[in-house]
Amino acid sequence: MNGPEPAASRLSHAYILSGPAGAARRAAADRLAMSYVCTGENPPCGVCSGCRKAAAGIHPDIVRVGEDGKDVNVAAVRALRSDAYILPNEAPRKVYQIENAGSMNASAQNAMLKLLEDGPPYAAFLLLAESDGDLLPTVRSRCETLRLDRLAGEAPDPALVEQSRTLAGLLLTGGELERMEYCVGLEKLDREGLAALLDQTVERLREGLLTSPDRKRALALTEHVKALRSALDFNVGPGHIAGWLCAGSMPGNPNKTR
Ligand SMILES: [Zn+2]
């Protein structure tokens, strides 16, 4: 990676997350939404009150629109606009996660465009669509586009990179209690979400190998996370993996060699 990833305050005010509807797209949007309401140092930290509420789906400043599968029509966008002018409850930002933004017709999209152009500065919008081509060029021009096929490849979303950096740091230098606390948040991730996080954590650990003061241990940790990532592909439950990762109950866990 080149330099630090953006903190929550530097996240864009609007993203299009394009890709097939499903758990992976949903997990990416949830992680990104969590970053906006995180009050920790490396959003999403996974342990602050904001992150925990987001993970539990009860954060008052994350508003989900279109979850019922109905088209997001112009009335829905106008209602969203009125709501956006009510200040956030407790987070620095208020996030609108629009599940089927591609269903907006031209008038709904134009109403959305006005909100993107001159909505309140604390409001953030995550537009989920099969393809960014489902949205008008004027709407696209106001958003940053994250393509989910790319999220899994060489250009992961900033929130995921931050989270993997936090996890790698905790594994390398964190205390057992800190790891356990972090683990509480991980248990709420689904299989795809945890797999993406572990892939990125392996990358962060590899990046740190050259500069690590204890290369042997860093290498062992990298292998450990890789093994857990493989176990996910063999139908081991994400809850078990998260537990092994953080609680150190797996045989030969390098955390126990300290
Ligand atoms: Zn947090």
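The preceding data block contains the structure.
The model shown is predicted, which means the values in this text are computed figures rather than measured ones. Along each chain, numbering runs from 1 in the same order as the chain's sequence is written. Totals for whole chains, interfaces and linings use every residue, but because this is a predicted model, local features are given only for residues with pLDDT of at least 70 and side-chain atom pairs only at 80 or more, for both listing and counting. Values reported for side chains reflect all heavy atoms of the structure, with hydrogen atoms and water molecules removed beforehand.

> Help me out: how do you make sense of the overall build of the protein in this one?
Of the regular secondary structure elements, the protein holds 11 helices and five strands. When burial is assessed residue by residue, the protein has 49% of its 258 residues classed as buried. Put simply, 76% of the contacts in the protein that link residues at least 6 apart link residues at least 24 apart. The Shrake-Rupley method, run with a 1.4 Å probe sphere, supplies the accessible areas, and residue values consider only the shown protein chains as cover. Here the protein has roughly 12,000 Å² of accessible surface; of this, 53% comes from carbon and sulfur atoms. A run of H or I in DSSP becomes a helix once it reaches four residues, and a run of E becomes a strand once it reaches two; helices and strands are each numbered from the N terminus. The buried label applies to any residue whose accessible area, calculated with a 1.4 Å probe on protein chains only, is under 20% of its type's maximum; exposed applies above 50%, and partly exposed to all values in between. Any pair of residues with heavy atoms lying within 4.5 Å of one another is described as a contacting pair.

> Where do I start with the coordination of the zinc ion in this structure?
Each donor-metal-donor angle in an ideal tetrahedron of four donors is 109.5 degrees, and each such angle in an ideal octahedron of six donors is either 90 or 180 degrees. Only nitrogen, oxygen and sulfur atoms within 2.8 Å of the metal, or 3.2 Å for Na, K and Ca, are treated as donors, and water is left out, so sites may look incomplete. Looking at the metal site, the zinc ion is ligated by Cys 38 (SG), Cys 45 (SG), Cys 48 (SG) and Cys 51 (SG), spaced 2.3 to 2.4 Å from it. The geometry test gives tetrahedral to four donors whose angles all lie between 85 and 135 degrees, gives square planar to four donors and octahedral to six donors whose opposite members are over 155 degrees apart with all other angles between 65 and 115, and gives irregular to the rest. Metal-centred angles of 105 to 118° between the four donor atoms at the zinc ion mark the site as tetrahedral. The sequence pattern formed by the donor residues of the zinc ion is C-x6-C-x2-C-x2-C. Taking the relative accessible area as the measure of exposure, Cys 48 reaches 11% and is therefore buried.

> Whenever I open this one, the pattern of salt bridges confuses me. Can you help?
Side-chain pairs of opposite charge can arise whenever the charged atoms involved come near each other. Any carboxyl oxygen of Asp or Glu within 4 Å of a side-chain nitrogen of Lys or Arg constitutes a salt bridge here. One pass over the full model with this rule turns up 13 salt bridges. Residues Glu 99 and Arg 64 are paired through a salt bridge, measuring 3.9 Å at the closest nitrogen-oxygen approach. Separated by 35 residues along the polypeptide, Glu 99 in the loop between β3 (94–98) and α4 (106–118) and Arg 64 in strand β2 (residues 62–65) bring together distant segments of the chain. Across the salt bridge formed by Lys 226 and Glu 223, the nearest N and O atoms sit 3.6 Å from each other.

> Is there a simple way to explain the layout of surface pockets in this structure?
It is the rolling of a water-molecule-sized probe over the atoms that shows where space remains empty. If you add up the space inside the second largest pocket, you get close to 250 Å³. Space inside and on the surface of the protein is sampled on a 1 Å grid over the protein atoms alone, with a cavity defined as a set of points where a 1.4 Å probe fits but cannot get out and a pocket as an open set with protein on both sides within 12 Å along at least 5 of 7 lines; lining residues have an atom within 4 Å of a point. Lining the second largest pocket are 16 residues; nearest its centre among them are Ala 27, Asp 30, Ala 55, Lys 188 and Leu 189. At the level of secondary structure, the elements contributing two or more residues to the lining of the second largest pocket comprise α1 (23–37), α2 (49–55) and β2. Per-element tally for the lining of the second largest pocket: the top contributor is α1, with six residues. In terms of residue class, the lining of the second largest pocket is made up of seven nonpolar, three polar and six charged. Residue ranges labeled as domains rest on an automatic or database domain assignment. Residues from two domains meet in the lining of the second largest pocket; each of domain 1 (8–154) and domain 2 (159–249) gives at least three. Grid points are joined across faces, edges and corners, and a volume is the space filled by probe spheres set on the points. Just so you know the grouping, Ala, Val, Leu, Ile, Met, Phe, Trp, Tyr, Cys and Pro go in nonpolar, Asp, Glu, Lys and Arg go in charged, and all remaining residues, Gly too, go in polar.

> Would you take a moment to explain the packing of helix α7 (residues 158–173) against helix α9 (residues 191–209) for this structure?
The relative placement of two packed helices comes down to the angle between their axes together with the axis-to-axis distance. At a minimum axis separation of 8 Å, α7 and α9 run at an interaxial angle of 60°. Once α7 is placed against α9, the crossing between them reads as right-handed. Contacts from Leu 160, Val 161, Gln 163, Ser 164, Arg 165, Leu 167, Ala 168, Leu 171 and Leu 172 of α7 reach α9 at Ala 196, Leu 197, Gln 200, Thr 201, Arg 204 and Leu 205. In this description, a line fitted to the C-alpha atoms serves as the axis of each element, helices being fitted only across the stretch in contact, and the angle between N-to-C directions of two axes falls anywhere from 0 to 180 degrees. If you view the pair so one helix is near and one far, a crossing is left-handed when the near helix is turned anticlockwise from the far one by less than a right angle, and right-handed when it is turned clockwise.

> Explain helix α8 (residues 176–186) here, please?
Owing to its 3.6 residues per turn, the α-helix brings residues three or four apart onto one side. Those residues of α8 not exposed but buried are Arg 179, Tyr 182, Cys 183, Gly 185 and Leu 186. One face of α8 carries all of its buried residues, which in axial projection span an arc of 150°. As used here, the arc is the angular range of directions from the helix axis to the C-beta atoms.

> Hey, could you run me through empty space enclosed by the protein in this one?
Within this structure, the stated rule accounts for one cavity of 30 Å³ or more. Roughly 60 Å³ of internal volume is contained in the largest cavity. Met 34, Gly 46, Cys 51, Ala 55, Gln 163, Tyr 182, Gly 185, Leu 186 and Leu 189 together form the lining of the largest cavity. Every element with two or more residues in the lining of the largest cavity is listed here: α2 and α8. A total of three residues in the lining of the largest cavity trace back to one element, the largest contributor, which is α8. Taken together, the residues of the lining of the largest cavity sort by class into six nonpolar, three polar and no charged. Both domains that furnish three or more residues to the lining of the largest cavity are identified here as domain 1 (8–154) and domain 2 (159–249).

> Just checking my understanding: could you explain α9 for this structure?
The span one expects for a helix is its residue count, reduced by one, times 1.5 Å. End to end, α9 covers 27 Å across 19 residues, agreeing with the expected 27 Å (1.5 Å per residue, within 8%). Within the sequence span of α9, burial applies to Gly 193, Leu 194, Ala 195, Leu 197, Leu 198, Gln 200, Thr 201, Val 202, Arg 204, Leu 205 and Leu 209.

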